[in-house]
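This is what each chain is made of:
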Amino acid sequence: MTATTRRAALEALISAPGVTPATPPILVPPAAYFDLAGEELGARMILTQGMDGSEFCLRPDFTLPIAIDHIANGAATPAAYGYLGPVFRQRTDGPAQFDQGGLELLALPDADAALDQVIGFAHAVTGIYGVTAPTVRVGDIDLFETVLAACDMPDVWRPRVRARFGHPEAMAALLDRLANPRPPMAGPAGLPANDIADWVGELMLTNGLSLTESRTPEEIAARYLEKQALEAQYVPGPTIDLLRNYLAISGPADKALAAIDSLGHATGIDLAPALQGARRRVDQLRDGLGAKSILFDAGFSPRLDYYTGITFEVTGAGGLVLVSGGQYDRLLRRLGASEDIPAVGCAVWVDRLEAECEKVDAGFSHQFRDQKGSGEVRS
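(A) Broad picture of the pairing of strand 7 (residues 135–140). Taken together, the four bridges between strand 7 and strand 9 (residues 293–297) define a ladder with parallel strand orientation. Pairing of Val136 across the sheet is with Ile294, part of strand 9. With six bridges connecting them, strand 7 and strand 10 (residues 308–315) associate as antiparallel partners. By the bridge assignment for strand 10, Val138 is matched with Phe312.

Following this line, the structure appears as structure tokens:
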């Protein structure tokens, strides 16, 4: 199969019966990406500005503009969208353009059937490009959130821990900080916020700093008070150990989930319903992708807090991610829908798939030449 025929087969998948091809503009407003995708993707966007001062970015992905358009047409209306086209992101060696394809299923009533459809799409795509025994890495947000909800800790810390899920370095730094709480910062503790703001303003002016060009004294005072309040909220040591032990679990899916089950029993946390869901979704991936191996990583998640349920990555022989996807039931609500809307999808990296396919073809040609030279190939 040539690159042209592979491209045609992929185009047929993203416009299959029941799937609406989506073609969002290449220039899109960046606000939603900054609000939802955070600093990591924000730093990789390619920004531009209109003559009227309005800001745009070259489309860094398809999911957000598709979701925004879907809300405008009725958030609760079931729909399937396929896409294929260029996305644009900064890389260490400069701006880059590369092709991305994918499938997004929004508001479908049967979550398991929707996940099966996405997995089937991923399997069909990898088949087109000759990836026959991929390695799959899986995480489960529901399972982590169940553990976090059951932890013995002040409620003020839960959203901060959740926000770092999927950020191993940031999570480790936070848990280290919670394990060794710092004394409250020196300053006018006990003063009203307005008085603290005045105190900050005096310090800024004394040191030649502007009161308007960066954070205002009021903003600095509010952050100071927040930090003071947080430092007073003690997190028990066993809770920190529990989180560290949970996040360290990684390995073949069945063994990893059994280890999580044992951790739940040892700490008195009822994980049965969440584990049942995780096992069901892992089985869907195993059956649907024909994977060489399924690795369950308890700390794996996209760095986006609107994901729910399962997330997964498919890698080939070269170790690069070829397909990534998962469930993201909170996204449409974060974008303005009145409630959570079931959503699941995956993106495929066309350039990487082509490179993977070329490796497979090269390996086959090399093997063919070796066999022919040894007399093993007969006419």
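(B) Spotlight on the environment of Trp349. Turning to its location among the elements, Trp349 is positioned in strand 12 (residues 343–349). Residue classification places Trp349 among the buried residues on the basis of a relative accessible area of 13%. When the C-alpha atoms of Trp349 and Gln100 are compared, they prove to be 5.1 Å apart, with 249 residues separating the residues in sequence. Filtering out sequence-adjacent residues up to four positions away, Trp349 remains in contact with Arg89, Phe98, Asp99, Gln100, Val321, Leu322, Val323 and Ser324.

(C) Structural view of the side chain of Ser301. Turning to its location among the elements, Ser301 is positioned in the loop between strand 9 and strand 10. Residue classification places Ser301 among the buried positions, given a relative accessible area of 5%.

(D) Spotlight on the sheet that holds strand 4 (residues 55–58). Across the sheet, which stays open at both edges, the three strands sit in the order 2-4-3 with antiparallel pairing between neighbours. Taken across any chain shown, the strands that pair with only one partner, and hence form the sheet edges, are strand 2 (27–28) and strand 3 (47–49).

(E) Representation of the layout of surface pockets in the model. As a volume, the largest pocket reaches approximately 1,200 Å³. As for the largest pocket, its lining consists of 50 residues, of which Pro302, Arg303, Leu304, Glu313 and Ser324 are closest to the centre. With five residues, the top contributor of residues to the lining of the largest pocket is helix 7 (residues 168–179). Of the residues belonging to the lining of the largest pocket, the class tally is 25 nonpolar, 11 polar and 14 charged.

Conventions adopted
Residues numbered from 1 in each chain as written. Predicted model: local features only at pLDDT ≥ 70, side-chain atom pairs only at ≥ 80, totals over all residues. Heavy atoms only, no water. Pairing = 2+ DSSP bridges. Helix = DSSP H or I, 4+ residues; strand = E, 2+ residues; numbered from the N terminus. Buried < 20%, exposed > 50% of the residue type's maximum accessible area, 1.4 Å probe, protein only. Contact = heavy atoms within 4.5 Å. 1 Å grid on protein atoms, 1.4 Å probe; cavity = no way out; pocket = protein on both sides within 12 Å on 5 of 7 lines; lining within 4 Å. Points joined across faces, edges and corners; volume = space filled by probe spheres on them. Nonpolar A, V, L, I, M, F, W, Y, C, P; charged D, E, K, R; others polar.

Interpretation in functional terms is not warranted from these geometric data alone.
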